[in-house]
Amino acid sequence: MCGIVAYIGYKNAHPILIKGLQRLEYRGYDSAGISILNGKIQTYKTVGKVAELEKYIEGKNIVGEAGIAHTRWATHGEPNQINAHPHYSQSKSISLIHNGIIENYATLKEELISRGYVFESDTDTEVLVNLIEDIRINENVLLDEAVRIALCQVVGAYAIVILSDEHPNTLIAARKGSPLVIGIGEDDYYIASDATPIVEYTKNVVYLEDEEIAVLTRGQDFKIVTNKNKEKTPYVQELEWNLSELEKGGYDHFMMKEIYEQPRSIRDSMRGRLNSITGNVSLGGIIDYEQKLLTAKRIIIIACGTSWHAGLVGEYLLEDIARVTVEVEYASEFRYRNPIITEDDVVIAISQSGETADTLAAIDLAKSKGATILGICNVVGSSIARATHAGSYTHAGPEIGVASTKAFTAQVTVLTLMALRLAQLKGNIPKARFMQLLQEMEQLPEKVEKVLKTNSKGLVSQIANKYKDVNNFLYLGRGYNFPVALEGALKLKEISYIHAEGYPAAEMKHGPIALIDENMPVVFIAPYLGIYEKVVSNIQEVKARKGNVIAIVTEGDTTVKEIADFVIEIPATEEYLVPILASIPLQKLAYHIAVLRGCNVDMPRNLAKSVTVE
Ligand code: G6P
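Now for a look at the structure at hand.

What counts and how
- Going along each chain's sequence as written, the residues are numbered from 1 onward.
- Only residues with pLDDT of at least 70 are given local features in this predicted model, and only at 80 or more are side-chain atom pairs given and counted; all residues enter the totals for whole chains, interfaces and linings.
- With hydrogens and water excluded, all non-hydrogen atoms of the structure serve as input to the side-chain values.
- In short, DSSP must find at least two bridges between two strands for them to pair.
- In this text, helices come from DSSP runs of H or I with a minimum length of four residues, and strands from runs of E with a minimum of two, each type numbered from the N-terminal end.
- Contacts: residue pairs with any heavy atoms within 4.5 Å of one another.
- Only the stretch in contact is used when fitting a helix axis, every axis being a line fitted to C-alpha atoms; angles between N-to-C directions are given from 0 to 180 degrees.
- The scheme is simple: roughly parallel for angles under 35 degrees, roughly antiparallel for over 145, roughly perpendicular for 65 to 115, oblique for anything else.
- Left-handed describes a crossing whose near helix is turned anticlockwise from the far helix through less than a right angle; right-handed describes the clockwise counterpart.
- All residues other than Ala, Val, Leu, Ile, Met, Phe, Trp, Tyr, Cys, Pro, Asp, Glu, Lys and Arg, Gly among them, are scored as polar; the first ten of these are nonpolar and the last four charged.
- For each residue, the test is whether any non-hydrogen atom lies within 4 Å of the molecule or strand; if one does, the residue is near.
- In protein, a polar contact requires one atom able to donate a hydrogen and another able to accept it; more generally it is a pair of N or O atoms within 3.5 Å, and residues adjacent in sequence count only if both atoms are side-chain atoms.
- Accessibility throughout is a Shrake-Rupley quantity obtained with a 1.4 Å probe, and a residue counts as covered only by protein chains that appear here.
- For this analysis, a salt bridge means a side-chain nitrogen from Lys or Arg found within 4 Å of a carboxyl oxygen belonging to Asp or Glu.
- Throughout, exposure labels follow a simple rule: accessible area from a 1.4 Å probe, protein chains only, divided by the maximum for the residue type, with under 20% read as buried, over 50% as exposed, and the rest as partly exposed.
- To be clear, the arc concerns the directions from the helix axis to the C-beta atoms.
- The path from the first strand over the helix to the second decides the hand: if it runs clockwise while the strands point away from the viewer, the crossover is right-handed.

Quick look at the sheet that holds strand β3 (residues 40–47) now. Read across the sheet, eight strands follow the order β3-β2-β4-β1-β10-β9-β11-β15 without closing on themselves; strand pairing throughout is antiparallel. At either end of the open sheet lies a strand with only one pairing partner, and these are β3 and β15 (237–238). Relative to strand β4 (residues 66–72), strand β2 (residues 31–38) runs antiparallel, the two sharing seven bridges. Residue pairing for β4: I34 is matched across the bridge by A69. Sitting on the sheet, helix α2 (residues 50–57) touches β2, β3 and β4, and the angle it makes with β3 is about 130 degrees.

Attention now goes to the packing of helix α8 (residues 262–270) against helix α14 (residues 406–426). The N-to-C vectors of α8 and α14 enclose an angle of 30 degrees; their axes lie 9 Å apart at closest approach. When the axis of α8 is compared with that of α14, the two are roughly parallel. Like other packed secondary-structure pairs, α8 and α14 cross with a definite hand, here right-handed. From α8, Q262, R264, S265, I266, S269 and M270 reach across to α14, where they touch K406, T409, A410, T413 and L417. Residues belonging to the contact of α8 with α14 are distributed by class as follows: four nonpolar, five polar and two charged.

Near the ligand lie 14 residues; those nearest to it are S307, S351, Q352, S353 and T356. The separation between an oxygen atom of the ligand and a polar side-chain atom of S351 is 2.6 Å. Compared with its free state, where it exposes 390 Å², the ligand has 90% of that area covered by protein. Element by element, the count of residues in the shell around the ligand is highest for helix α10 (residues 305–322), at three residues. Here the residues of the shell around the ligand are counted per class, giving four nonpolar, eight polar and two charged.

Taken in spatial order, the seven strands make up an open sheet running β5-β6-β7-β8-β12-β13-β14, and their pairing is antiparallel. Edge positions in the open sheet fall to β5 (87–88) and β14 (231–232), since each of these has one partner strand only. Across six bridges, strand β8 (residues 170–176) lies against strand β12 (residues 212–217) in antiparallel orientation. Across the sheet, the residue bridging to I172 is V215, located in β12.

The next subject is the packing of helix α3 (residues 105–114) against helix α4 (residues 124–138). For the pair α3 and α4, interaxial distance at closest approach is 9 Å and the crossing angle is 50 degrees. Comparing the axis directions of α3 and α4 gives the class oblique. With respect to the hand of their crossing, α3 and α4 are arranged in left-handed fashion. Contacts between α3 and α4 involve Y105, L108, K109 and L112 on the former and, on the latter, D124, V127, N130, L131 and D134. Grouping the constituent residues of the contact of α3 with α4 by class yields five nonpolar, one polar and three charged.

This part covers the pattern of salt bridges. In the structure shown here, the tally under the stated rule is 32 salt bridges. In this structure, the salt-bridge partner of E166 is R136, at a minimum N-O distance of 3.2 Å. Note that E166 is positioned in the loop between β7 (156–164) and β8 and R136 in helix α4, a separation of 30 residues in sequence. Across the pair K491 and E487 runs a salt bridge, and its minimum N-O distance is 2.6 Å.

Here we come to helix α16 (residues 444–454). Those residues of α16 that sit buried are L444, P445, K447, V448, V451 and L452. All buried residues of α16 fall inside an arc of 160 degrees around its axis, so they share one side. The inward-facing, buried residues of α16 abut α7 (254–260), α8, α15 (431–442), β27 (566–570) and α21 (578–596).

Bridge count for strand β23 (residues 472–477) against strand β24 (residues 499–504) is six bridges, and the pairing is parallel. When the sheet's bridge partners are listed, N472 is paired in β24 with H499. Where the polypeptide runs from β23 across helix α18 (residues 481–496) and back to β24, its parallel neighbour, the crossover connection is right-handed.

For E110, the location among the structural elements is in helix α3. On the basis of relative accessible area, E110 is assigned to the exposed category, the value being 58%. E110 sits 147 residues away from K257 along the chain, and the two C-alpha atoms are 38 Å apart.

Bringing unusual backbone geometry into the picture now. Here H85 and P86 are connected by a cis peptide whose omega angle stands at 0 degrees. You can see P86 is positioned in the loop between β4 and β5. Not every positive phi belongs to a glycine, and K92 is a case in point at roughly 65 degrees. By secondary structure assignment, the location of K92 is in the loop between β5 and β6 (94–102). For K92, a relative accessible area of 43% puts it in the partly exposed group.

With that settled, consider the environment of K543. Position of K543 relative to the elements: it lies in helix α19 (residues 532–544). For K543, a relative accessible area of 27% corresponds to the partly exposed category. The spacing of K543 and D517 is 26 residues in sequence and 9.1 Å in space, taken between C-alpha atoms. Each residue touching K543, except ones within four places of it in the same chain, is listed here: N548, V549, I563 and D565.

Shown next as structure tokens:
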């Protein structure tokens, strides 16, 4: 999730842009850059914090009343100075900042290379800026028209702002799938990814809609057209939130914001990787290792914490759908237990941060034994991403809340895509059935949205209110939902400090059943799938001992509804997609309980977002 700030007017742009970037720092990023127009465009970029950029440009005479600035969260290419934004077009006449992912950048890039364009960076953004320049010159159109034509050729998501020395009084901004806000000053304009950099200058804003292009000329009214060249009447709103509310998107905590971001983050994890019409699934980053995965004696997944739970879901997915042998290991155990690893093994390391010390050490060990190492990370260019032979990024955007939510569902999304891809290559699922699986997966973001909406009417808060003071919680699930139970329990433990355990539901009778009495809430993940009846029996066993049952069920379920104290519904889906849908109410349950207990949800005691020590 990159941060965008831009200004055009009659004030010096540089301080406004730097301050704006600082306001966006909460989003997390790996590099930053700025372009200022004063006759020609001057661009400065650095790796690291905005403070580094400030230091870098200190003493340089940067004066100009139009400029664009960017904090980058890498998606294509390492986080380094060259890949940082803004990006110039080849002639250096246009400079562009971009938030999002352009899926067809490789095809567009090839075409531009054949027309003589040379690329400096690995980014999809440099492709877009050169595409715009190419259209402007070859079709001899004005810049805003060139932008419009270029955007019609682009597949993917973007929020962009363009600065050009040929149009020194104008900025062009456009969006599709990534947010962009325009602040309307007296005779100037501010543009940003969210309203935080704008709020101190003006309260009048326009939220650009998908496929809209804004042409903002200093001292003049602005114009909005659609990608189809239809003029739109802008809807100007007045900002009501203060700065800290704005950073959290109106939520009280980053964790809740991130829970609600999941329809988008899951969509971003799938973007360009699945096509239910052609029946194709691809994970570009591991394409060269597909054969290795297919012929591997076994796949060993290594991870810690929530990522280990994603790995467990991965085991069910890869064995069930792709029929490959999988083992899942805690990285911390694996690294010290003298494991048997051979050159025929493929190790998949999963890590949100890409910096977890135990996971890194486990990778080094497996590598030294000749195994092939693939990574599933959220942070581009992180240590784990660099230490692996290849990998797939989860593209969930930066996660600020210490308790992982959207990064977990993005990891499971990537593992699901991997299982589907291997199944496709192996041809072990009949074509019609395979197409069905893909269609269902494509609907996942909408179903996640539905889960968030259905349960937004206070049901989860009501459950939280009833059980907020208990000392113990049990989470039970079977099959694909056993790891969901583990993750649900971990979420509660992490942020509410209530002791919670996750168990395979059938294992309850081998121990945990002794704990059940009228004070024990038991969360069951009981979708109407797989071994549903057996889970219902487990629920009855708990009820018979006066336990309290909170059940996650499939929409329309009546059997569990009759016995459970509370039911939370999720939409019907294929079994292999339930873990993602079922995790979401559990994240919300943990959140509400933690808030009611007065805990610091985003920064729970004793925990860290990135554990870089053993
Ligand atoms: C810490 C975090 C957890 C995370 C775990 C693994 O314990 O608090 O949320 O699951 O590390 O982190 P990773 O970045 O490797 O996924």
